[in-house]
Amino acid sequence: MVGPRVTVLMPVYNAERFLREAIDSILQQSFRPFEFLIIDDGSTDGSAAIIESYRDPRIRFVRNSRNMGITPTLNKGIALASCELIARMDADDISHPQRLQKQFGYMKRNPACALLSTWARVVTGEGKFVRLERYRNNFYYFNLTFECWMYHPTIMFRKSAAEDIGMYSMPYSEDYDFFWRMSTRFKIANLAEPLVDYRISPTSLNTVLKKTENEIANQRNVVRNIRYYLGDDFSVSEPVLECLRHNFRPILSDYRREHVCQALDVLEKVTQKILQTDNVNRDARSIVRARYFKRRFILQEIAKALPVMQGVELLWGTGAWLTLAVLLKNYFKRQVKQVLKLIRSYSSAARFKIFSSEAVKNS
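Residues numbered from 1 in each chain as written. Predicted model: local features only at pLDDT ≥ 70, side-chain atom pairs only at ≥ 80, totals over all residues. Heavy atoms only, no water.

## What about the overall build of the protein chain?
Okay, step 1: Scanning the protein chain from terminus to terminus reveals 15 helices and nine strands.
Okay, step 2: Its C-alpha atoms give the protein chain principal-axis dimensions of roughly 90 × 65 × 40 Å.
Okay, step 3: Across the 363 residues that make up the protein chain, the buried fraction comes to 48%.
Okay, step 4: Once local pairs closer than 6 in sequence are excluded, the contacts in the protein chain between residues at least 24 apart make up 73%.
Okay, step 5: For the protein chain, the computed accessible surface area is about 18400 Å², with 54% contributed by carbon and sulfur atoms. (Helix = DSSP H or I, 4+ residues; strand = E, 2+ residues; numbered from the N terminus. Buried < 20%, exposed > 50% of the residue type's maximum accessible area, 1.4 Å probe, protein only. Contact = heavy atoms within 4.5 Å. Areas by Shrake-Rupley, 256 points an atom, 1.4 Å probe, with all protein chains shown as cover.)

In structure tokens, the structure reads:
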């Protein structure tokens, strides 16, 4: 008999709609030696009854006496976990059959790695494919400064590392905060294949029910991350901050080129500080390339949304020659398509006119 090598930690709160599918996806893993620690956080629906209907000995079912919230429940789970390796799971998502096997294998081969994520397939409540979330593996460390690139139910981490950083510490955006703090102290990595279906549904806590609270917490996380490199007196306007987070609505609603330039200036300063800061994840080439692609994406998305001449002015003024060439190419391609469409419509109208005239004449 082999004892559990991984603790799968799944908090549950009023998740009866998708809970059975989530549980089954763990119990059907190709990797067998795990304990499945399920903590019900005071559900008022049928979640507890669904969990109790299972007789698999790998399930450890714990019930909170009252609703504590996600962060205290996760910390309780870490304390109760009997294994050093902990795999997160959410009660409305689906783990692919090879997930635990592949993550466990990677963590065993790479003992310095403290936190491992995977790509995710985003699906609807009905399981319909929406998109594949995939990113360049060597860019995670840099980009965690500005965005939460990791999906919580894809994570496997070491219990000792989580305890070392103080475990989860925020009531909202707790995952982003946890990942970033782990990255400042320990090696992080990503498996470049989708091993989880991440479900977006009307009952999703972060994306629907607590969207505003999580959005505010995400903003605070990004400000905290930047201040880690630029100092506690760093301040920035909302359009600039949101631009760095790839939310371009504020900067486009009252467009000012100086806001874009300020965002690019902050990006450059942070990049230089990241390059100078000792960290086990630091790789100068990857950091410089990640900065290049982030800068290009920001300019590309803003320029596409602006009137053509404003977009040209922005890209010309910031020296983004390649992005400018692509913008103009796409612009002229659209113009040619419109001209051809206009020609076809006139041609069709002319043929109809000739046909009608001949029909009248023959009648």
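## A closer look at the nonpolar core
Okay, step 1: Among the nonpolar cores identified, the biggest contains 64 residues, and Leu115, Phe157, Phe178 and Ile302 are the most heavily contacted of them.
Okay, step 2: Of the residues forming this core, the biggest block, seven residues, is contributed by helix H12 (residues 257-276).
Okay, step 3: With residues near it in sequence (within four places) discarded, Phe157 still touches Ile78, Glu84, Leu85, Ile86, Arg88, Met107, Ala114, Leu115, Ala162, Tyr168, Phe178 and Met182.
Okay, step 4: Ranked by size, the runner-up nonpolar core spans 31 residues in total, among them Met10, Phe36, Met107 and Leu195. (Core = buried A, V, L, I, M, F, W, Y, C linked by side-chain atoms within 4.5 Å.)

## Observations concerning the state of the cysteines
Okay, step 1: Per the counting criterion, the structure on display carries zero disulfides.
Okay, step 2: For Cys83, which is in no disulfide, the shortest distance to another cysteine sulfur is to Cys113 and amounts to 17 Å.
Okay, step 3: Given the relative accessible area of 4%, Cys83 is considered buried.
Okay, step 4: Unpaired in terms of disulfides, Cys261 finds its nearest cysteine sulfur in Cys243, a separation of 10 Å. (Disulfide = S-S within 2.5 Å.)

## Describing the side chain of Asn190
Okay, step 1: As for its placement among the helices and strands, Asn190 is situated in strand S9 (residues 187-200).
Okay, step 2: You can call Asn190 buried: its relative accessible area is 6%.
Okay, step 3: Side-chain polar atoms of Asn190 contact the backbone nitrogen of Thr118, separated by 3.3 Å.
Okay, step 4: For Asn190, the side chain forms a polar contact with the side chain of Asn137, separated by 2.9 Å.
Okay, step 5: Once residues lying within four places of it in the same chain are set aside, the contact partners of Asn190 are Leu116, Ser117, Thr118, Trp119, Asn137 and Tyr140. (Polar contact = N/O pair within 3.5 Å; in protein donor to acceptor, adjacent residues only side chain to side chain.)

## Quick notes on the side chain of Thr118
Okay, step 1: Topologically, Thr118 is positioned in strand S6 (residues 113-124).
Okay, step 2: A residue is classified by how much of its surface remains accessible, and Thr118, at 4% relative accessible area, is buried.
Okay, step 3: Here Thr118 is in contact with Gln103, Thr154, Asn190, Leu191, Glu193, Leu195 and Val196, once residues within four sequence places are set aside.

## So, a nonpolar patch on the surface
Okay, step 1: A contiguous nonpolar patch, built from Tyr292, Leu322 and Val326 and spanning about 270 Å² of accessible area, is present on the exposed surface.
Okay, step 2: On the secondary structure map, Leu322 appears in helix H15 (residues 321-362). (Patch = residues over 30% accessible without salt bridge, like charges linked within 9 Å, V, L, I, M, F, W, Y side chains within 5 Å. Salt bridge = Lys/Arg side-chain N within 4 Å of Asp/Glu carboxyl O.)

## Re the pairing of S9
Okay, step 1: Inspection of the sheet shows strand S5 (residues 94-95) paired to S9 by two bridges, in the antiparallel sense. Note on S9: the bridge partner recorded for Ser95 is Val196.
Okay, step 2: Bridge analysis of S6 against S9 gives 11 bridges, and the strand direction is parallel. Residue Thr124 lies in a different strand from S9, and its bridge partner there is Ile200. (Pairing = 2+ DSSP bridges.)

## Here's the deal with H12
Okay, step 1: Taking 1.5 Å of rise per residue, the 20 residues of H12 would be expected to cover 28 Å, and the 29 Å separating its terminal C-alpha atoms lies within 8% of that figure.
Okay, step 2: For H12, the full list of buried residues reads His259, Val260, Ala263, Leu264, Val266, Leu267, Val270, Thr271 and Ile274. Each buried residue of H12 sits inside an arc of 155 degrees when the element is viewed along its axis, so together they form one side.
Okay, step 3: Considering only its buried residues, H12 is in contact with helix H5 (140-143), helix H9 (211-230), helix H10 (238-244), helix H11 (249-253), helix H13 (284-305) and helix H14 (308-317). (Expected span 1.5 Å × (residues − 1). Arc of directions from axis to C-beta.)

## What to know about the pattern of salt bridges
Okay, step 1: Summed over the entire model, instances satisfying the criterion amount to 20 salt bridges.
Okay, step 2: Taking the shortest distance from any N to any O, the salt bridge between Glu126 and Arg17 comes out at 3.4 Å. In this pair, Glu126 is assigned in the loop between S6 and strand S7 (129-133) and Arg17 in the loop between strand S1 (6-12) and helix H1 (19-27), connecting sequence segments 109 residues apart. Like Glu126, the residue Arg17 is exposed in the burial classification.
Okay, step 3: Across the salt bridge formed by Arg121 and Asp197, the nearest N and O atoms sit 2.9 Å from each other. Of the two residues, Arg121 sits in strand S6 while Asp197 sits in strand S9, which places them 76 residues apart along the sequence.
Okay, step 4: Overlapping salt bridges, with partners in common, bring together Asp177, Arg181 and Arg224 in one network.

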